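Tertiary structure, described
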Amino acid sequence: MINATPPDAANNRPIGAAGWAWAAFQGGRDPFIALVTIYVFVPYLVTTVIGDPVRGQALVASGAKYGGWVVALTAPLLGAVVDRMGPRKPWLAGVVAIMLPLMIILWWAKPGGAGLSVPTTIAILAALAVLFAWTQTLHNALLIPAAGLRRAGTASGLGLALGNIGSVSALVFTLWAFALPAKGGGGIVPTHPLFGLNVATHEQDRIVPVIAAVLLALGTLPLLRWVPDIPSNGIRVGRAVRLAFGDLRTLVLEARGYRDALVYLGASLLFIDGLTGILIFTGVYSAGVMGWHTVELLALGLILSTFAVAGGLLAGWLDERFGPKRALIIEITGVVVGQLLSLGNTPKLLFYRAFDPAAHAAAWSGPVFRTAPELALIGCDILGAITVTAAYASSRTMLTRVVPPHKIGIFFGLFVIAGTATMWLGPLLVQIATAATGSQRAGLLPLSGLLVAGLLMLLLVRGGGRYVEETAEREALQ
C-alpha cells in the first residue's frame, strides 16, 4: 500500500483481539486454495466434468490467464484507491459478499453435462481468483490498524500459521468426512459420507467449495468485529481513482536509478510466476496423469502442506548461511529439478524409463500410492513443496538486501505490483503448450522456462550476500 498512515494509537498496540482477528481471516481464507484450486475441486473438474485431462488443463490455464489479466490491471489500483479513501473493511466485506455465493454455486458443477456448463464453471473460478487477490490486497492493508507497527511482524506470521493450520485442518476433515467414507470407511472413519452425500454424483468433490465458503465467512466475522479501520477522509471514489493513478506513477518514478533493485524486480516477476504456476497445476497434473481421485489428492495435499513448513525453515537457514541471493539460486534450481523429475513419472514411466506395472509388485500394501512411479512423483513433489516455499520466503529477504533503506517502502510497493503484473503469463504459456502438444507433461514445461529465465536474470543482480558480510562492507566504506 502507498499512502496509508495508521492512527497513532495503533503504533504500540499489543496484538490482542484485533491482531488475532486479522490473522483469523487468513485462517478462513486460505483453505479455498487448498480445497478448490489445487487438490480437490479443480482436479475433479478436469478429470470428471471435462473428462479429458489435456483439454481440461488447457481450459483451466485459460481461465487463470484471464483472471491474471484482471488482477494485473486492478489490484495495484485498488490498493492505491483505498489508501486514498481510508476505510478498508467495507471494501473487504463487499468482496467477500460476492465470493461466498460464487463458491456455493460451484456445488452445481455436476458430471455428465448436468448443472453448470464447463465455460460457466471456468468463468466462476477465474472470477474467484480475482476476488481472492483483492482480499489479499485489502487484508494486508488492515495489518497495521490491527496490530500496530511494532506487532505487525507477529501478526503477519500468525496469519501465515493460521492459514496453514486452516488448510491442513480442512484437508483432514474432508478426507475423514467425505473421501474415505466414499471408499467404505471403517474404524474412526464414518462408513458413509456425512450429510448423506451421493458418491455417484461426486458430491464429495462438489462439497469442498461450500466448505471453503463456510470457513471464509467464519474467518471474516472476527475481522469485521474487532479490527479497527482507517478513518474516512471524505474523498469520493472518482477522485480517489484519479489520485491513485498519480500515486502509482510516482511510485514508479521514484524507483528510477536503482539498477540492482529494478533488475531484481524483473527477475522476481518471472520466477514468482513460475512458482505460482507450479502450485496451481500440481493437483491437475497428478489427477490427469496418475488418475488420482479425491482420497489420493487429499493425501497428497496433507503431505505437501506438511513439508512446506520445512521450506520456510530452510529458507531462514539458507539466508543466514549463504545470503538470500545464493539461497534463491539453490531454491529455484531445486524447484526446476523437482518439476523436471516429476514429469518423468507416469503409470508407465519411472524417471523417464519404461515401467510395466504388471511386471512389478506393489511397493507397499497401503491403501494409496502403491506403485514406484506414484511414490517417485510424491518424492519429487515434496522437493518442489520445500523449495517453492523457501523461494517465496527468500524472495522477500532478497529485496531488503538490494534496496536502499530509505526506499524500502517504495520497492515493496513495486514488489507487490510485480507479483500481480504477470500472474497471467504462466497460465498463458501452459495453455499454449498444452494445446500445441496435446500433452499435460509438455504443457507444464514453460513453467520451468520461466524459473530458469528468472534465475538467469537474478545472476545479474549485485548484492544479496550474508547480512554480516554486507554490513561489514558498508561500514568499511563509511
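How each quantity is defined
- Sequence order as written defines residue numbering, which begins from 1 separately in each chain.
- Confidence filtering applies because this is a predicted model: local features only for residues at pLDDT of at least 70, side-chain atom pairs given and counted only at 80 or more, and all residues used for totals across whole chains, interfaces and linings.
- Excluding hydrogens and water, the side-chain values take into account all heavy atoms of the structure.
- A run of H or I in DSSP becomes a helix once it reaches four residues, and a run of E becomes a strand once it reaches two; helices and strands are each numbered from the N terminus.
- The cut-offs for exposure are 20% and 50% of the maximum accessible area for each residue type, with area from a 1.4 Å probe on protein chains only; residues under the lower value are buried, those over the upper are exposed, and the others partly exposed.
- Any pair of residues with heavy atoms lying within 4.5 Å of one another is described as a contacting pair.
- The Shrake-Rupley method, run with a 1.4 Å probe sphere, supplies the accessible areas, and residue values consider only the shown protein chains as cover.
- All axes here are fitted lines through C-alpha atoms, helices being fitted over the stretch that makes contact, and every angle between N-to-C directions spans 0 to 180 degrees.
- Oblique is the label for any angle not covered by the other classes, which are roughly parallel (under 35 degrees), roughly antiparallel (over 145) and roughly perpendicular (65 to 115).
- Note on convention: the crossing is left-handed when the near helix lies turned anticlockwise from the far helix by less than a right angle, right-handed when the turn is clockwise.
- Gly counts as polar in this scheme, as do all residues outside two lists: the nonpolar Ala, Val, Leu, Ile, Met, Phe, Trp, Tyr, Cys and Pro, and the charged Asp, Glu, Lys and Arg.
- Between the first and last residue of a helix there are one fewer steps than residues, each counted as 1.5 Å, and that sum is the expected span.
- pLDDT expresses, on a scale from 0 to 100, how confident the predictor is about each individual residue.
- The patch calculation keeps residues exceeding 30% relative accessible area without a salt bridge and links them within 9 Å when they carry like charges or within 5 Å when they are nonpolar (Val, Leu, Ile, Met, Phe, Trp, Tyr).
- By salt bridge we mean one thing: a side-chain nitrogen of Lys or Arg within 4 Å of a carboxyl oxygen of Asp or Glu.
- Nonpolar core, defined: a set of buried Ala, Val, Leu, Ile, Met, Phe, Trp, Tyr and Cys residues in which side-chain atoms within 4.5 Å join the residues together.
- For this analysis, a ring pair means two rings from Phe, Tyr or Trp (six-membered ring only for Trp) whose centres lie within 6.5 Å, classed as stacked if their planes differ by under 30 degrees, edge-to-face if by over 60, and tilted for the remaining angles.

Some details on the overall build of the chain
Across its full length, the chain carries 19 helices and 2 strands. Residues counted as buried form 53% of the 478 residues belonging to the chain. Here the analysis covers contacts within the chain between residues at least 6 apart in sequence; of these, 81% occur between residues at least 24 apart. Split by element, the accessible area of the chain, about 20,500 Å² in all, is 67% carbon and sulfur.

Here's the deal with unusual backbone geometry
The backbone of F195 sits at a positive phi, close to 65°, despite the residue not being glycine. With respect to the helices and strands, the residue F195 is situated in the loop between helix 7 (143-182) and helix 8 (203-206). In this structure, F369 is a non-glycine residue whose phi angle is positive, near 55°. Along the chain, F369 turns up in the loop between strand 2 (353-354) and helix 14 (372-402). Assessed through its relative accessible area of 7%, F369 is described here as buried.

Structural notes on the packing of helix 4 (residues 53-85) against helix 16 (residues 425-437)
Viewed as axis vectors pointing N to C, helix 4 and helix 16 meet at an angle of 150°, and their least axial separation amounts to 8 Å. Here helix 4 lies roughly antiparallel to helix 16, going by the angle between them. Judged by the sense of rotation from one axis to the other, the crossing of helix 4 with helix 16 is left-handed. Between helix 4 and helix 16, the residues in contact are V54, Q57, A58, A61, S62, A64 and K65 and P427, L428, V430, Q431 and T434, respectively. Of the residues that constitute the contact of helix 4 with helix 16, the class distribution is 7 nonpolar, 4 polar and 1 charged.

Describing helix 4
Across its 33 residues, helix 4 extends 45 Å between first and last C-alpha, which sits within 8% of the 48 Å expected from 1.5 Å per residue. G86, located one to two residues past helix 4, shows a positive phi value of around 110°.

Comments concerning the confidence of the model for the chain
Per-residue confidence for the chain gives a mean pLDDT of 85; residues scoring 70 or more make up 90%. Here residues 474-478 scores under 50 on pLDDT; set against residues more than four positions off or in separate chains, the count is 0 contacts.

Quick notes on a nonpolar patch on the surface
Side chains of V337, L341, F351 and L383 sit close together on the surface and give an oily, nonpolar patch of about 290 Å² of accessible area. In this structure, L383 sits in helix 14.

Re the nonpolar core
Grouped together as the largest cluster of nonpolar side chains are 113 residues, with contacts concentrated most on Y264, F271 and F281. When residues of this core are assigned to their parent elements, the largest contribution, 16 residues, is made by helix 11 (residues 259-290). Those residues in contact with F271, other than ones at most four positions away along the chain, are Y264, L328, I332, S395, L450, L451 and G454. Membership of the second largest hydrophobic core comes to 8 residues, among which are A80, V81, I235 and L248.

With respect to the packing of aromatic side chains
Here the structure, examined in full by the defined rule, presents 10 aromatic pairs. Plain terms: the ring middles of F173 and F178 are 5.8 Å apart, the flat faces sit at 90° to each other, and that makes the pair edge-to-face. The interplanar angle of 40° and the centroid separation of 6.1 Å between the aromatic rings of F178 and F195 together place this pair among those described as tilted. Here F178 is found in helix 7, whereas its partner F195 is found in the loop between helix 7 and helix 8, with 17 residues between them in sequence. A relative accessible area of 1% places F178 in the buried class.

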